[in-house]
Amino acid sequence: MTDKQLIVQVRPDGTVHAETLGMFGNECLDYITVLENMLEAETTSSSFTDAYAQVAAEQETTAENWDGAR
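Keep in mind the model is a prediction, meaning the values are calculated, not measured.

Observations concerning the overall build of the chain
Here's step 1: Along the chain, the regular secondary structure elements total two helices and two strands.
Here's step 2: Secondary structure elements in the chain, listed N-terminal to C-terminal, are β-β-α-α.
Here's step 3: Counting only residues that meet the buried cut, the chain has 10% of its 70 residues in that class.
Here's step 4: When the accessible surface of the chain is split by element, carbon and sulfur atoms take 51% of a total near 6,000 Å².

Examining unusual backbone geometry
Here's step 1: Here E40, not a glycine, exhibits a phi torsion of approximately 50 degrees, which is positive.
Here's step 2: Locating E40 in the fold gives a position in the loop between α1 (27–39) and α2 (50–66).
Here's step 3: Residue class for E40 comes out exposed when judged on its relative accessible area of 76%.

Structural notes on the pairing of strand β1 (residues 5–10)
Here's step 1: Where β1 and strand β2 (residues 16–21) come together, six bridges link them in antiparallel fashion. Considered in β2, the bridge of V8 is made with A18.

What counts and what doesn't
Residues numbered from 1 in each chain as written. Predicted model: local features only at pLDDT ≥ 70, side-chain atom pairs only at ≥ 80, totals over all residues. Heavy atoms only, no water. Helix = DSSP H or I, 4+ residues; strand = E, 2+ residues; numbered from the N terminus. Buried < 20%, exposed > 50% of the residue type's maximum accessible area, 1.4 Å probe, protein only. Areas by Shrake-Rupley, 256 points an atom, 1.4 Å probe, with all protein chains shown as cover. Pairing = 2+ DSSP bridges.

The structure is reproduced here in structure tokens:
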């Protein structure tokens, strides 16, 4: 199991870049919200990693398996 990490870079121009590691699905969004609150800042752009998409696909497959499968 990978440890959860929030990697934060403060760039010379004052912008902040953050990346989450070891988090899956919407879990990463909670950490970004905490970071926004701490910095009194707002996210201007974001993107999801392959891990987010993989977990979302697994959740969808599980939901499909439970629909009507008894």
